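Next come the chains, spelled out residue by residue.
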Amino acid sequence: SIQEIPMSIVALNDRLLSDAGVESADELTRIVPNVRISRLSQASATVIRVRGVGQAGNNAIDPSVAPFLDGVYVARGGAILNTFLDVGSVEVLRGPQGTLFGRNATSGAIQVNTNAPQFDEMSGHLFAEVANSSAKRYRVVLNVSVSDTFSMLVAAISDTHDGYYDNLLD
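Since the structure is predicted, the reported quantities are computational estimates derived from the model, not experimental observations.

Peer 1: Would you mind going over the nonpolar core with me for this structure?
Peer 2: The nonpolar side chains of a soluble globular protein tend to be buried with one another. Core analysis: the largest hydrophobic core is formed by 20 residues, its most contacted members being Leu17, Leu28, Val32, Phe84, Val90, Val92 and Ile110. Within the residue set of this core, elements represented by two or more residues are strand S1 (9-13), strand S2 (35-38), strand S3 (47-50), strand S7 (87-94) and strand S8 (108-114). A total of three residues in this core trace back to one element, the largest contributor, which is S7. With residues near it in sequence (within four places) discarded, phenylalanine 84 still touches Leu17, Val22, Glu23, Ser24, Ala25, Leu28, Val90 and Val112.

Peer 1: Could you clarify how one ought to interpret the packing of aromatic side chains in this entry?
Peer 2: What describes a pair of aromatic rings is the distance from one ring centre to the other and the angle between the planes of the rings. Evaluation of the coordinates by the stated rule reveals one aromatic pair. It is arginine 139 that lies over the ring of phenylalanine 127; its NZ or CZ is 4.8 Å from the centre.

Peer 1: Just checking my understanding: could you explain a nonpolar patch on the surface for this structure?
Peer 2: Together, Leu126, Val140, Leu142, Val146, Phe150, Met152 and Val154 make up a nonpolar patch on the protein surface, roughly 620 Å² of accessible area in all. Of all the secondary-structure elements, those providing two or more residues to the nonpolar patch are strand S10 (136-145) and strand S11 (151-160). Mapped onto the secondary structure, phenylalanine 150 falls in the loop between S10 and S11.

Quick notes on the rules
- Residues numbered from 1 in each chain as written.
- Predicted model: local features only at pLDDT ≥ 70, side-chain atom pairs only at ≥ 80, totals over all residues.
- Heavy atoms only, no water.
- Core = buried A, V, L, I, M, F, W, Y, C linked by side-chain atoms within 4.5 Å.
- Buried < 20%, exposed > 50% of the residue type's maximum accessible area, 1.4 Å probe, protein only.
- Helix = DSSP H or I, 4+ residues; strand = E, 2+ residues; numbered from the N terminus.
- Contact = heavy atoms within 4.5 Å.
- Phe/Tyr/Trp six-rings, centres within 6.5 Å; stacked < 30°, edge-to-face > 60°.
- Lys NZ or Arg CZ within 6 Å of the ring centre and 35° of its normal.
- Patch = residues over 30% accessible without salt bridge, like charges linked within 9 Å, V, L, I, M, F, W, Y side chains within 5 Å.
- Areas by Shrake-Rupley, 256 points an atom, 1.4 Å probe, with all protein chains shown as cover.
- Salt bridge = Lys/Arg side-chain N within 4 Å of Asp/Glu carboxyl O.

Structural data, given as structure tokens:
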């Protein structure tokens, strides 16, 4: 329980994330204090800093803030920057987390947890958005309970848009 651990933790569930309009990991900086996530020219060289401490953004260096997706360590922080499609919760742990998360968590850890399939339930949702510059975004999440012991969750996203200019030389 977070109440019993003497540690600086911010835990956000899916409702808090959607109410704040957080749709990707780099948008966490709006609602989580002391966290900065910066995208560089390459997504693999993403800089994640907690309390001002983090790696320099070189994708050949192990990060100081350890990113986790469903409890599995992600070696490059840019891999968690995708959309928060069907994310159940996000936990940001500040300070050295080597005891719980290993050597790459010297200044903190970010743990993203997706929703698990639900048994005895058939549910889902569809989101569609159309904007200017031929921008289209579709999201589908479908939970199917096949039997008492087997259930699956399918989540898909499509995000496309045209550029601002046409390259006449190509």
